[in-house]
Amino acid sequence: MFKRLGISKLAYWPVVLVMAGALACGGGEEESEDAAQNQRGGRPGMGAMARTGASIPVEVKTVGRGNIAATLLTYTSLEAERHVDVVSRTQGLVKTILVEEGDRVTEGQPLAQLDTDALELTLREREVNMNSLESNYKRSQELVEQELLSSQEFEQTKFQYEAAATQYESAKLQLEYATVRSPFSGIITERLVEVGNLVNANDVVFRTADLDPLLARIYVPEKDIGQVRPGQSVRINVEGSDQTHTGRVSLISPIVDPESGTVKVTVEIRDRMGALRPGMFTTVNLVIAIQENVLQVEKKALVAEAEGSYAFLFQDGTAEKRLLVIGIAEGDYVEVLSGLSDGDSIITVGQEGLRNGAPVRIAGQIPPAAEGMGGGPASMGGPGADGGRGAMSGRSEGSDGGTGGRPAGMGGSAGEASQAPAARPVSAREGTGGRPGGMGGGRMMAMDLDQMKERMFQNPQIKEAFDKQVEEDPSFAEDEERQRAFLIQQMRQMRAQRGGGPPQ
(Lines give C-alpha, C1' and ligand atoms only; values in the text may rest on other atoms or scores of the structure.)
Protein backbone atom coordinates (compact mmCIF):
# COMPACT_ATOMS: atom_id res chain seq x y z
CA MET A 1 0.00 0.00 0.00
CA PHE A 2 2.91 2.33 0.82
CA LYS A 3 4.37 1.78 -2.61
CA ARG A 4 1.00 2.49 -4.19
CA LEU A 5 0.76 5.83 -2.32
CA GLY A 6 4.40 6.63 -3.15
CA ILE A 7 5.42 6.80 0.57
CA SER A 8 8.06 4.61 2.09
CA LYS A 9 7.63 3.08 5.56
CA LEU A 10 10.51 5.15 6.91
CA ALA A 11 8.90 8.37 5.68
CA TYR A 12 5.43 7.36 6.97
CA TRP A 13 6.23 6.93 10.66
CA PRO A 14 7.71 10.44 11.21
CA VAL A 15 4.53 11.90 9.70
CA VAL A 16 2.37 9.80 12.05
CA LEU A 17 4.42 10.81 15.07
CA VAL A 18 4.23 14.53 14.21
CA MET A 19 0.44 14.43 13.73
CA ALA A 20 -0.07 12.42 16.91
CA GLY A 21 1.99 14.99 18.86
CA ALA A 22 -0.05 17.86 17.43
CA LEU A 23 -3.32 16.18 18.45
CA ALA A 24 -1.94 15.48 21.91
CA CYS A 25 -0.97 19.12 22.40
CA GLY A 26 -4.28 20.45 21.12
CA GLY A 27 -6.69 18.00 22.73
CA GLY A 28 -4.84 17.25 25.95
CA GLU A 29 -4.23 20.80 27.16
CA GLU A 30 -7.28 20.80 29.40
CA GLU A 31 -6.59 17.28 30.65
CA SER A 32 -3.00 18.14 31.64
CA GLU A 33 -4.07 21.27 33.47
CA ASP A 34 -6.85 19.39 35.24
CA ALA A 35 -4.33 16.77 36.28
CA ALA A 36 -2.09 19.50 37.72
CA GLN A 37 -5.05 20.92 39.55
CA ASN A 38 -5.79 17.46 41.01
CA GLN A 39 -2.20 17.22 42.26
CA ARG A 40 -2.71 20.55 44.08
CA GLY A 41 -5.76 19.14 45.82
CA GLY A 42 -8.39 20.83 43.66
CA ARG A 43 -11.41 19.35 41.95
CA PRO A 44 -11.25 17.97 38.42
CA GLY A 45 -11.89 20.66 35.84
CA MET A 46 -10.96 23.60 38.10
CA GLY A 47 -7.93 24.42 35.99
CA ALA A 48 -10.09 24.73 32.91
CA MET A 49 -12.57 26.85 34.90
CA ALA A 50 -9.86 29.29 35.93
CA ARG A 51 -8.49 29.49 32.37
CA THR A 52 -11.80 29.98 30.59
CA GLY A 53 -13.20 32.21 33.38
CA ALA A 54 -15.95 30.38 35.34
CA SER A 55 -16.83 33.95 36.30
CA ILE A 56 -19.05 35.06 39.17
CA PRO A 57 -22.02 37.24 38.16
CA VAL A 58 -21.94 40.67 39.84
CA GLU A 59 -23.59 44.07 39.58
CA VAL A 60 -21.45 47.11 38.84
CA LYS A 61 -21.88 50.87 39.27
CA THR A 62 -19.69 53.78 38.27
CA VAL A 63 -18.16 55.93 40.97
CA GLY A 64 -19.55 59.48 40.91
CA ARG A 65 -19.59 62.73 42.83
CA GLY A 66 -22.23 64.48 44.90
CA ASN A 67 -22.94 66.44 48.07
CA ILE A 68 -22.79 64.79 51.49
CA ALA A 69 -23.83 66.46 54.74
CA ALA A 70 -21.95 65.97 58.00
CA THR A 71 -24.60 65.45 60.68
CA LEU A 72 -25.13 64.75 64.36
CA LEU A 73 -27.52 61.83 64.67
CA THR A 74 -30.04 61.46 67.50
CA TYR A 75 -33.54 60.14 68.13
CA THR A 76 -36.65 61.59 69.74
CA SER A 77 -40.44 61.82 69.55
CA LEU A 78 -42.37 64.71 68.05
CA GLU A 79 -44.38 67.04 70.23
CA ALA A 80 -47.00 69.67 69.54
CA GLU A 81 -45.98 73.23 70.35
CA ARG A 82 -49.22 73.65 72.31
CA HIS A 83 -51.13 70.70 73.70
CA VAL A 84 -53.71 71.48 76.40
CA ASP A 85 -56.65 69.95 78.22
CA VAL A 86 -59.91 71.84 77.71
CA VAL A 87 -61.85 71.82 81.00
CA SER A 88 -65.41 72.71 81.88
CA ARG A 89 -65.59 75.94 83.90
CA THR A 90 -69.01 75.21 85.32
CA GLN A 91 -71.18 72.30 86.34
CA GLY A 92 -73.90 70.80 84.15
CA LEU A 93 -75.13 67.99 81.96
CA VAL A 94 -73.63 67.68 78.46
CA LYS A 95 -76.45 68.63 76.11
CA THR A 96 -74.69 68.83 72.73
CA ILE A 97 -71.26 67.88 71.35
CA LEU A 98 -70.31 70.10 68.43
CA VAL A 99 -66.92 68.66 67.30
CA GLU A 100 -65.18 65.31 66.99
CA GLU A 101 -61.61 64.07 67.21
CA GLY A 102 -59.51 65.23 64.26
CA ASP A 103 -61.62 68.34 63.59
CA ARG A 104 -59.78 71.60 63.10
CA VAL A 105 -61.08 74.40 65.29
CA THR A 106 -60.42 78.10 65.66
CA GLU A 107 -59.88 80.10 68.80
CA GLY A 108 -63.17 80.62 70.67
CA GLN A 109 -65.12 78.09 68.61
CA PRO A 110 -67.85 76.23 70.63
CA LEU A 111 -66.93 72.61 71.31
CA ALA A 112 -69.83 71.45 73.52
CA GLN A 113 -72.97 72.88 75.14
CA LEU A 114 -74.07 72.16 78.72
CA ASP A 115 -77.63 72.33 79.98
CA THR A 116 -78.45 75.97 80.99
CA ASP A 117 -81.95 75.78 82.54
CA ALA A 118 -80.77 76.07 86.16
CA LEU A 119 -78.20 78.71 85.29
CA GLU A 120 -80.79 80.86 83.53
CA LEU A 121 -83.11 80.75 86.60
CA THR A 122 -80.25 81.75 88.88
CA LEU A 123 -79.40 84.64 86.58
CA ARG A 124 -83.00 85.90 86.54
CA GLU A 125 -83.27 85.68 90.34
CA ARG A 126 -80.12 87.68 90.86
CA GLU A 127 -81.17 90.22 88.31
CA VAL A 128 -84.44 90.88 90.22
CA ASN A 129 -82.55 91.19 93.49
CA MET A 130 -80.09 93.61 91.94
CA ASN A 131 -82.85 95.79 90.50
CA SER A 132 -84.61 95.97 93.90
CA LEU A 133 -81.47 97.04 95.71
CA GLU A 134 -80.71 99.52 92.98
CA SER A 135 -84.06 101.31 93.66
CA ASN A 136 -83.34 101.43 97.39
CA TYR A 137 -79.91 102.85 96.70
CA LYS A 138 -81.31 105.66 94.53
CA ARG A 139 -83.96 106.63 97.16
CA SER A 140 -81.35 106.62 99.89
CA GLN A 141 -79.20 108.92 97.80
CA GLU A 142 -82.09 111.48 97.56
CA LEU A 143 -82.75 111.30 101.31
CA VAL A 144 -79.12 111.90 102.10
CA GLU A 145 -79.13 115.00 99.92
CA GLN A 146 -82.18 116.23 101.91
CA GLU A 147 -80.43 115.32 105.16
CA LEU A 148 -83.26 112.95 106.02
CA LEU A 149 -81.03 109.84 106.11
CA SER A 150 -77.83 109.28 107.98
CA SER A 151 -74.65 108.62 106.12
CA GLN A 152 -74.26 105.24 107.80
CA GLU A 153 -77.60 103.97 106.51
CA PHE A 154 -76.81 105.27 103.03
CA GLU A 155 -73.48 103.46 102.93
CA GLN A 156 -75.14 100.20 103.98
CA THR A 157 -77.71 100.50 101.17
CA LYS A 158 -74.96 101.21 98.67
CA PHE A 159 -72.95 98.11 99.64
CA GLN A 160 -76.00 95.88 99.39
CA TYR A 161 -76.66 97.10 95.86
CA GLU A 162 -73.07 96.58 94.73
CA ALA A 163 -73.04 93.03 96.14
CA ALA A 164 -76.24 92.18 94.26
CA ALA A 165 -74.77 93.55 91.05
CA THR A 166 -71.69 91.37 91.49
CA GLN A 167 -73.79 88.27 92.05
CA TYR A 168 -75.70 89.07 88.88
CA GLU A 169 -72.50 89.31 86.86
CA SER A 170 -71.30 86.00 88.34
CA ALA A 171 -74.52 84.24 87.33
CA LYS A 172 -74.22 85.74 83.87
CA LEU A 173 -70.64 84.45 83.59
CA GLN A 174 -71.66 80.95 84.70
CA LEU A 175 -74.28 80.90 81.97
CA GLU A 176 -71.62 81.85 79.45
CA TYR A 177 -69.30 79.10 80.73
CA ALA A 178 -71.97 76.53 79.90
CA THR A 179 -70.65 76.75 76.33
CA VAL A 180 -67.23 74.99 76.19
CA ARG A 181 -64.94 76.82 73.73
CA SER A 182 -61.54 76.15 72.16
CA PRO A 183 -58.73 78.12 73.81
CA PHE A 184 -56.73 78.39 70.53
CA SER A 185 -56.73 77.30 66.90
CA GLY A 186 -55.69 73.68 66.45
CA ILE A 187 -57.00 70.13 66.19
CA ILE A 188 -59.17 68.12 68.55
CA THR A 189 -56.97 65.20 69.59
CA GLU A 190 -59.32 63.57 72.12
CA ARG A 191 -62.96 63.81 73.28
CA LEU A 192 -63.58 62.64 76.84
CA VAL A 193 -67.36 63.16 77.34
CA GLU A 194 -70.60 61.87 75.92
CA VAL A 195 -74.02 63.48 75.66
CA GLY A 196 -75.77 63.19 79.04
CA ASN A 197 -72.60 63.08 81.14
CA LEU A 198 -72.58 65.29 84.22
CA VAL A 199 -69.42 67.37 84.30
CA ASN A 200 -68.15 69.40 87.20
CA ALA A 201 -66.04 72.49 87.15
CA ASN A 202 -62.45 71.75 86.05
CA ASP A 203 -63.31 68.34 84.55
CA VAL A 204 -61.35 67.64 81.32
CA VAL A 205 -63.76 67.60 78.37
CA PHE A 206 -61.47 67.74 75.28
CA ARG A 207 -57.78 67.72 74.44
CA THR A 208 -56.54 70.00 71.66
CA ALA A 209 -53.17 70.58 70.04
CA ASP A 210 -51.59 73.07 67.70
CA LEU A 211 -49.64 70.98 65.15
CA ASP A 212 -48.02 73.84 63.30
CA PRO A 213 -45.22 73.84 64.11
CA LEU A 214 -44.21 70.52 65.63
CA LEU A 215 -41.27 70.33 68.00
CA ALA A 216 -38.47 67.81 68.39
CA ARG A 217 -36.55 68.19 71.63
CA ILE A 218 -33.11 66.63 71.29
CA TYR A 219 -30.19 66.41 73.70
CA VAL A 220 -26.78 67.19 72.22
CA PRO A 221 -23.58 66.10 74.00
CA GLU A 222 -21.70 68.91 75.67
CA LYS A 223 -18.66 68.40 73.43
CA ASP A 224 -20.73 68.96 70.25
CA ILE A 225 -22.89 71.89 71.37
CA GLY A 226 -20.36 74.35 69.97
CA GLN A 227 -21.33 73.21 66.47
CA VAL A 228 -25.03 73.98 67.00
CA ARG A 229 -26.53 77.43 66.46
CA PRO A 230 -30.08 78.85 66.15
CA GLY A 231 -31.52 78.58 62.66
CA GLN A 232 -29.35 75.57 61.77
CA SER A 233 -30.91 73.11 59.31
CA VAL A 234 -32.19 69.76 60.58
CA ARG A 235 -33.35 66.70 58.62
CA ILE A 236 -36.17 64.63 60.09
CA ASN A 237 -37.02 61.03 59.11
CA VAL A 238 -39.87 59.00 60.59
CA GLU A 239 -40.19 55.24 60.72
CA GLY A 240 -42.12 53.70 57.85
CA SER A 241 -41.57 56.60 55.45
CA ASP A 242 -38.78 57.43 53.00
CA GLN A 243 -39.69 61.12 52.97
CA THR A 244 -37.25 63.54 54.59
CA HIS A 245 -38.66 66.59 56.39
CA THR A 246 -36.76 69.79 57.13
CA GLY A 247 -36.67 71.73 60.38
CA ARG A 248 -34.53 74.35 62.08
CA VAL A 249 -33.03 74.90 65.49
CA SER A 250 -35.24 77.36 67.37
CA LEU A 251 -34.02 77.19 70.99
CA ILE A 252 -30.79 76.14 72.72
CA SER A 253 -30.88 75.68 76.48
CA PRO A 254 -28.37 77.87 78.33
CA ILE A 255 -27.50 75.11 80.84
CA VAL A 256 -25.93 71.66 80.72
CA ASP A 257 -27.73 68.81 82.43
CA PRO A 258 -25.21 67.68 85.06
CA GLU A 259 -26.55 64.10 85.12
CA SER A 260 -26.39 63.38 81.38
CA GLY A 261 -23.84 65.99 80.25
CA THR A 262 -26.15 67.13 77.43
CA VAL A 263 -27.80 70.34 76.33
CA LYS A 264 -31.46 70.49 75.32
CA VAL A 265 -32.01 71.77 71.78
CA THR A 266 -35.51 72.47 70.47
CA VAL A 267 -36.08 71.89 66.76
CA GLU A 268 -39.09 73.42 65.01
CA ILE A 269 -40.65 71.57 62.04
CA ARG A 270 -43.19 73.16 59.71
CA ASP A 271 -45.33 70.38 58.25
CA ARG A 272 -47.57 71.94 55.60
CA MET A 273 -48.59 68.55 54.17
CA GLY A 274 -49.82 67.17 57.50
CA ALA A 275 -47.69 64.00 57.25
CA LEU A 276 -46.22 64.33 60.75
CA ARG A 277 -48.07 63.72 64.00
CA PRO A 278 -47.21 64.20 67.66
CA GLY A 279 -45.71 61.11 69.24
CA MET A 280 -43.98 59.87 66.07
CA PHE A 281 -40.55 58.38 66.70
CA THR A 282 -38.04 60.20 64.50
CA THR A 283 -34.42 60.19 63.47
CA VAL A 284 -32.98 63.69 63.73
CA ASN A 285 -29.93 64.60 61.65
CA LEU A 286 -28.52 67.95 62.73
CA VAL A 287 -26.59 69.24 59.71
CA ILE A 288 -23.21 70.56 60.83
CA ALA A 289 -21.59 71.05 57.40
CA ILE A 290 -22.17 70.11 53.76
CA GLN A 291 -19.32 68.64 51.71
CA GLU A 292 -19.92 69.53 48.06
CA ASN A 293 -18.84 67.60 44.96
CA VAL A 294 -17.07 64.78 46.80
CA LEU A 295 -16.35 61.27 45.56
CA GLN A 296 -18.97 58.92 47.00
CA VAL A 297 -20.00 55.26 46.80
CA GLU A 298 -22.88 53.21 48.12
CA LYS A 299 -22.37 51.68 51.54
CA LYS A 300 -23.44 48.26 50.28
CA ALA A 301 -20.37 48.14 48.01
CA LEU A 302 -17.98 48.19 50.98
CA VAL A 303 -16.44 45.10 52.53
CA ALA A 304 -15.33 45.62 56.14
CA GLU A 305 -12.18 43.86 57.31
CA ALA A 306 -9.78 44.28 60.21
CA GLU A 307 -7.50 46.53 58.15
CA GLY A 308 -10.35 48.81 57.08
CA SER A 309 -13.00 49.12 54.37
CA TYR A 310 -12.41 47.62 50.93
CA ALA A 311 -14.15 47.79 47.58
CA PHE A 312 -13.76 45.55 44.51
CA LEU A 313 -13.18 47.20 41.13
CA PHE A 314 -14.39 45.57 37.94
CA GLN A 315 -11.27 45.46 35.75
CA ASP A 316 -11.63 43.66 32.39
CA GLY A 317 -13.46 40.66 33.82
CA THR A 318 -11.53 40.41 37.09
CA ALA A 319 -12.12 41.78 40.59
CA GLU A 320 -9.43 44.11 41.93
CA LYS A 321 -9.46 44.67 45.69
CA ARG A 322 -8.85 48.25 46.85
CA LEU A 323 -8.35 49.62 50.38
CA LEU A 324 -10.36 52.84 50.84
CA VAL A 325 -10.06 55.81 53.17
CA ILE A 326 -13.61 56.69 54.22
CA GLY A 327 -14.94 60.10 55.20
CA ILE A 328 -18.40 61.11 56.39
CA ALA A 329 -21.50 59.07 55.64
CA GLU A 330 -25.09 60.09 54.95
CA GLY A 331 -27.98 57.79 54.11
CA ASP A 332 -26.89 55.08 51.65
CA TYR A 333 -23.69 56.84 50.57
CA VAL A 334 -20.24 57.39 52.07
CA GLU A 335 -17.47 59.79 51.13
CA VAL A 336 -14.28 58.27 49.70
CA LEU A 337 -11.14 60.25 50.52
CA SER A 338 -8.71 57.97 48.68
CA GLY A 339 -8.56 54.61 46.94
CA LEU A 340 -10.91 55.35 44.03
CA SER A 341 -11.09 57.73 41.08
CA ASP A 342 -13.87 59.23 38.99
CA GLY A 343 -15.32 56.71 36.55
CA ASP A 344 -14.10 53.60 38.37
CA SER A 345 -16.50 50.67 38.11
CA ILE A 346 -17.06 49.08 41.50
CA ILE A 347 -18.92 45.88 42.34
CA THR A 348 -22.02 46.61 44.43
CA VAL A 349 -23.65 43.16 44.47
CA GLY A 350 -21.80 39.84 44.65
CA GLN A 351 -18.59 41.14 46.23
CA GLU A 352 -18.95 39.13 49.42
CA GLY A 353 -16.41 36.32 49.41
CA LEU A 354 -14.54 37.58 46.34
CA ARG A 355 -10.76 37.32 46.17
CA ASN A 356 -8.40 39.72 44.53
CA GLY A 357 -8.11 38.76 40.85
CA ALA A 358 -11.18 36.50 40.84
CA PRO A 359 -12.93 36.21 37.43
CA VAL A 360 -16.24 38.12 37.39
CA ARG A 361 -18.80 39.15 34.84
CA ILE A 362 -21.73 41.53 34.82
CA ALA A 363 -24.93 39.67 35.64
CA GLY A 364 -27.02 38.96 32.54
CA GLN A 365 -24.09 39.20 30.09
CA ILE A 366 -22.45 36.21 28.36
CA PRO A 367 -18.74 35.83 29.18
CA PRO A 368 -16.40 36.73 26.26
CA ALA A 369 -15.05 33.17 26.16
CA ALA A 370 -18.54 31.75 25.68
CA GLU A 371 -19.35 34.34 23.02
CA GLY A 372 -16.27 33.27 21.04
CA MET A 373 -17.31 29.62 21.14
CA GLY A 374 -20.99 30.05 20.62
CA GLY A 375 -20.86 31.11 16.98
CA GLY A 376 -20.83 29.26 13.67
CA PRO A 377 -19.34 25.96 12.59
CA ALA A 378 -15.81 27.28 12.37
CA SER A 379 -15.72 27.98 16.09
CA MET A 380 -17.57 24.83 17.13
CA GLY A 381 -15.43 22.26 15.40
CA GLY A 382 -17.30 22.11 12.08
CA PRO A 383 -15.65 22.61 8.71
CA GLY A 384 -13.90 25.99 8.94
CA ALA A 385 -13.34 28.39 6.14
CA ASP A 386 -9.61 28.06 6.58
CA GLY A 387 -9.68 24.28 6.64
CA GLY A 388 -7.99 24.27 10.06
CA ARG A 389 -9.44 22.83 13.24
CA GLY A 390 -12.88 22.67 11.74
CA ALA A 391 -11.70 20.30 9.04
CA MET A 392 -9.98 18.06 11.57
CA SER A 393 -12.73 18.08 14.19
CA GLY A 394 -15.60 16.85 12.08
CA ARG A 395 -16.13 13.13 11.52
CA SER A 396 -15.13 12.12 8.00
CA GLU A 397 -14.51 8.94 6.18
CA GLY A 398 -10.93 8.07 5.23
CA SER A 399 -9.84 6.98 1.82
CA ASP A 400 -9.98 3.37 3.02
CA GLY A 401 -13.49 3.67 4.42
CA GLY A 402 -12.47 3.87 8.09
CA THR A 403 -14.64 5.92 10.48
CA GLY A 404 -14.78 6.71 14.14
CA GLY A 405 -14.15 10.42 14.36
CA ARG A 406 -10.50 10.30 13.27
CA PRO A 407 -9.10 10.56 9.75
CA ALA A 408 -8.05 7.20 8.43
CA GLY A 409 -4.49 6.36 9.29
CA MET A 410 -4.26 9.05 12.02
CA GLY A 411 -5.21 7.10 15.15
CA GLY A 412 -4.29 3.48 14.36
CA SER A 413 -3.29 1.05 11.66
CA ALA A 414 -5.14 0.33 8.49
CA GLY A 415 -6.20 -2.97 9.97
CA GLU A 416 -7.87 -1.23 12.88
CA ALA A 417 -9.63 1.08 10.50
CA SER A 418 -10.94 -1.84 8.47
CA GLN A 419 -12.38 -3.41 11.63
CA ALA A 420 -14.19 -0.24 12.76
CA PRO A 421 -17.98 -0.36 12.81
CA ALA A 422 -19.97 1.01 9.94
CA ALA A 423 -20.32 4.76 9.79
CA ARG A 424 -23.40 6.26 11.54
CA PRO A 425 -24.98 9.68 11.05
CA VAL A 426 -23.14 12.14 13.25
CA SER A 427 -24.22 15.62 14.31
CA ALA A 428 -22.13 18.50 13.09
CA ARG A 429 -21.84 19.55 16.76
CA GLU A 430 -19.76 16.47 17.62
CA GLY A 431 -16.04 17.07 17.39
CA THR A 432 -12.73 15.66 18.39
CA GLY A 433 -12.82 12.85 20.91
CA GLY A 434 -16.60 12.58 20.82
CA ARG A 435 -17.13 15.84 22.75
CA PRO A 436 -20.18 17.86 21.77
CA GLY A 437 -19.19 20.57 19.39
CA GLY A 438 -15.54 19.88 19.98
CA MET A 439 -15.76 21.65 23.36
CA GLY A 440 -14.02 20.43 26.50
CA GLY A 441 -15.31 20.66 30.08
CA GLY A 442 -13.42 23.88 30.74
CA ARG A 443 -14.97 25.63 27.75
CA MET A 444 -18.39 24.36 28.65
CA MET A 445 -17.99 25.86 32.13
CA ALA A 446 -17.46 29.27 30.51
CA MET A 447 -20.94 29.11 28.96
CA ASP A 448 -24.21 30.12 30.54
CA LEU A 449 -26.11 27.22 32.03
CA ASP A 450 -28.97 27.64 29.56
CA GLN A 451 -26.54 27.40 26.63
CA MET A 452 -25.00 24.26 28.11
CA LYS A 453 -28.43 22.67 28.46
CA GLU A 454 -29.38 23.62 24.91
CA ARG A 455 -26.27 21.92 23.50
CA MET A 456 -26.20 18.92 25.80
CA PHE A 457 -29.91 18.11 25.65
CA GLN A 458 -29.56 17.37 21.93
CA ASN A 459 -28.48 13.97 23.20
CA PRO A 460 -31.70 12.34 24.50
CA GLN A 461 -29.77 10.13 26.94
CA ILE A 462 -28.30 13.17 28.71
CA LYS A 463 -31.70 14.86 28.79
CA GLU A 464 -33.25 11.73 30.32
CA ALA A 465 -30.49 11.43 32.95
CA PHE A 466 -30.84 15.13 33.85
CA ASP A 467 -34.63 14.90 34.28
CA LYS A 468 -34.23 11.79 36.41
CA GLN A 469 -31.74 13.59 38.67
CA VAL A 470 -34.15 16.52 39.12
CA GLU A 471 -36.96 14.12 40.00
CA GLU A 472 -34.89 12.21 42.57
CA ASP A 473 -33.29 15.30 44.15
CA PRO A 474 -35.51 18.44 44.07
CA SER A 475 -32.68 20.60 45.46
CA PHE A 476 -30.66 19.75 42.36
CA ALA A 477 -32.96 21.95 40.25
CA GLU A 478 -31.99 25.02 42.35
CA ASP A 479 -28.21 24.48 42.38
CA GLU A 480 -26.62 25.76 39.15
CA GLU A 481 -23.11 24.61 40.10
CA ARG A 482 -24.30 21.01 40.61
CA GLN A 483 -26.14 21.14 37.30
CA ARG A 484 -22.96 22.32 35.54
CA ALA A 485 -20.91 19.56 37.15
CA PHE A 486 -23.54 16.98 36.23
CA LEU A 487 -23.58 18.04 32.56
CA ILE A 488 -19.78 18.04 32.38
CA GLN A 489 -19.71 14.54 33.89
CA GLN A 490 -22.26 13.28 31.36
CA MET A 491 -20.25 14.80 28.54
CA ARG A 492 -17.08 13.05 29.69
CA GLN A 493 -18.84 9.71 30.10
CA MET A 494 -20.19 10.00 26.59
CA ARG A 495 -16.68 10.87 25.40
CA ALA A 496 -15.24 7.76 27.08
CA GLN A 497 -17.92 5.52 25.58
CA ARG A 498 -17.07 6.81 22.09
CA GLY A 499 -13.37 6.10 22.44
CA GLY A 500 -12.17 9.55 23.48
CA GLY A 501 -10.37 8.28 26.57
CA PRO A 502 -11.35 7.77 30.20
CA PRO A 503 -13.62 10.27 31.95
CA GLN A 504 -11.73 13.27 33.26
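Because the structure is a prediction, the values reported are computed rather than measured.

With that settled, consider the overall build of the protein chain. Looking only at helices and strands, one finds 13 helices and 19 strands in the protein chain. Residues classed as buried in the protein chain amount to 33% of the 504 residues present. Of all intrachain contacts in the protein chain linking residues separated by at least 6 positions in sequence, the fraction that spans at least 24 positions is 69%. Split by element, the accessible area of the protein chain, about 29,300 Å² in all, is 50% carbon and sulfur.

What follows is about helix α11 (residues 449–456). If you check which residues of α11 are buried, you get Leu449, Met452, Arg455 and Met456. For α11, the arc enclosing every buried residue in end-on projection is 130 degrees, short of the 170-degree limit, so these residues lie on one face. In α11, those exposed residues whose orientation departs by more than 90 degrees from the buried face are Asp450 and Glu454.

Within the structure shown, the criterion is met by 7 aromatic pairs. Following the ring pairs from residue to residue traces out a cluster consisting of Phe457, Phe466, Phe476 and Phe486. Sitting over the face of the ring of Phe184, Arg82 holds its NZ or CZ atom 4.4 Å from the ring centroid. In this structure, Lys321 packs its charged tip against the face of Tyr310, placed 4.5 Å from the ring centre.

A few words now on the side chain of Asp344. Take Asp344: it is sitting in the loop between β17 (333–338) and β18 (345–349). Buried charge without a salt bridge: Asp344, with Arg322 as the nearest opposite-charge side chain at an N-O distance of 4.2 Å. The residues touching Asp344, leaving out its near neighbours within four places in the chain, are Lys61, Thr62, Val63, Leu313 and Arg322.

The full count for this structure, using the stated rule, is 18 salt bridges. The closest approach of N and O atoms between Glu268 and Arg270, which form a salt bridge, is 3.7 Å. A relative accessible area of 12% places Glu268 in the buried class. Residue classification places Arg270 among the partly exposed residues on the basis of a relative accessible area of 42%. With a closest N to O distance of 2.9 Å, Arg322 and Glu320 form a salt bridge.

Averaged over all residues, the pLDDT of the protein chain is 75; the fraction at 70 or higher stands at 72%. Scored below 50 in pLDDT, residues 372–441 makes 100 contacts in the model with residues more than four places away or belonging to other chains. When the criterion is pLDDT under 50, residues 500–504 qualifies, and its contacts beyond four places in sequence or with other chains add up to 10 contacts.

Before going further, it helps to examine the nonpolar core. Among the nonpolar cores identified, the biggest contains 17 residues, and Val228, Val234 and Ile269 are the most heavily contacted of them. Of all the elements in the fold, those that place two or more residues in this core are β2 (64–87), β9 (204–221), β10 (233–238), β12 (262–269) and β13 (281–298). The element that contributes the greatest number of residues to this core is β9, accounting for 4 residues. Beyond its immediate chain neighbours, meaning those up to four positions away, Ile269 contacts Leu78, Pro213, Leu214, Leu215, Ala216, Ile236, Thr246, Gly247 and Leu276.

A few words now on a nonpolar patch on the surface. Where nonpolar side chains cluster on the molecular surface, the patch consists of Leu73, Tyr75 and Phe281 and spans about 330 Å² of accessible area. Looking at the element boundaries, Leu73 is found in strand β2.

Residues Asp450, Glu454, Glu480 and Glu481 make up a contiguous surface patch of negative charge. Summarising the element assignment, Asp450 is placed in helix α11.

With that out of the way, let us pick up the environment of Ile187. Within the fold, Ile187 resides in strand β7 (residues 186–191). When near neighbours in sequence (up to four residues on either side) are disregarded, Ile187 contacts Gly102, Asp103, Arg104, Arg207, Thr208, Ala209 and Leu211.

A separate point is unusual backbone geometry. The omega torsion of the bond from Asp212 to Pro213 falls at 5 degrees, within 30 degrees of zero and hence cis. Inspection of the secondary structure assignment puts Pro213 in strand β9. Although it is not a glycine, Glu147 sits at a positive phi angle of roughly 60 degrees. Looking at where Glu147 falls in the secondary structure, it is placed in the loop between α5 (117–145) and α6 (151–177).

Across the sheet, which stays open at both edges, the 4 strands sit in the order β6-β5-β3-β8 with antiparallel pairing between neighbours. Each edge of the open sheet carries a strand with a single partner, namely β6 (179–181) and β8 (198–199). Taken together, the 3 bridges between strand β3 (residues 92–97) and strand β5 (residues 110–114) define a ladder with antiparallel strand orientation. Bridged to Thr96 within β5 is Gln113.

Attention now goes to the environment of Lys299. Relative to the helices and strands, Lys299 resides in the loop between β13 and β14 (303–305). On the accessibility criterion, Lys299 (40% relative accessible area) is partly exposed. Between the C-alpha atom of Lys299 and that of Tyr333, which follows or precedes it by 34 residues, the distance is 5.4 Å. In contact with Lys299, other than residues within four places in its own chain, are Ala329, Gly331, Asp332, Tyr333 and Val334.

Here the focus is α5. For α5, which comprises 29 residues, the first-to-last C-alpha distance of 43 Å matches the rise-based estimate of 42 Å (1.5 Å per residue) to within 8%. Here α5 has its buried residues at Leu119, Leu123, Met130, Leu133, Tyr137 and Ser140. Elements in contact with the buried residues of α5: α6. Backbone geometry just after α5 places Glu147 at a positive phi near 60 degrees.

So, about the pairing of β5. Consecutive side chains of a regular strand alternate in pointing toward one face of the sheet and then the other. Relative to β6, β5 is paired through 3 bridges, and the arrangement is antiparallel. Within β6, the position partnered with Pro110 by the bridge is Arg181.

Another point: the environment of Ile326. Summarising the element assignment, Ile326 is placed in strand β16 (residues 318–330). Residues Ile326 and Ser338, spaced 12 residues apart in sequence, show a C-alpha to C-alpha distance of 7.5 Å. When near neighbours in sequence (up to four residues on either side) are disregarded, Ile326 contacts Leu302, Ser309, Val334, Glu335, Val336 and Leu337.

About the criteria used
Every chain is numbered on its own, with residues counted from 1 as its sequence reads. pLDDT decides what is reported in this predicted model: residues at 70 or higher carry local features, side-chain atom pairs at 80 or more are listed and counted, and totals for whole chains, interfaces and linings draw on all residues regardless. Note that water and hydrogens are dropped before the side-chain values are worked out from all heavy atoms of the structure. What counts as a helix is a DSSP run of H or I of at least four residues, what counts as a strand is a run of E of at least two, and both are numbered from the N terminus. Each residue is assigned to one of three classes by its accessible area relative to the maximum for its type, calculated with a 1.4 Å probe on protein chains only: buried under 20%, partly exposed between the two thresholds, exposed over 50%. What makes two residues a contact is simply this: any of their non-hydrogen atoms within 4.5 Å. Note on areas: Shrake-Rupley, 1.4 Å probe, and residue coverage restricted to the protein chains presented here. Working definition: the arc comes from the directions between the helix axis and the C-beta atoms, pointing outward to the latter. Classification of ring pairs uses Phe, Tyr and Trp, with its six-membered ring standing for Trp, and accepts pairs whose centres are within 6.5 Å; under 30 degrees between planes counts as stacked, over 60 as edge-to-face, and the remaining range as tilted. Two limits define a charge over a ring: the Lys NZ or Arg CZ must be within 6 Å of the ring centre, and within 35 degrees of the ring normal. The convention is simple: Lys and Arg are positive, Asp and Glu are negative, and His and the chain ends are not counted. Any carboxyl oxygen of Asp or Glu within 4 Å of a side-chain nitrogen of Lys or Arg constitutes a salt bridge here. Known as pLDDT, the predictor's confidence for each residue is given on a scale from 0 to 100. Nonpolar cores are built from buried Ala, Val, Leu, Ile, Met, Phe, Trp, Tyr and Cys residues. Side-chain atoms within 4.5 Å join them into one set. Excluding any residue in a salt bridge, patches collect residues exceeding 30% relative accessible area, merging like charges within 9 Å and nonpolar Val, Leu, Ile, Met, Phe, Trp and Tyr side chains within 5 Å. The atoms used to mark charge sites are NZ of Lys, CZ of Arg, CG of Asp and CD of Glu. When DSSP locates at least two bridges between a pair of strands, those strands are taken to pair. One fewer than the residue count of a helix, multiplied by 1.5 Å, yields its expected span.

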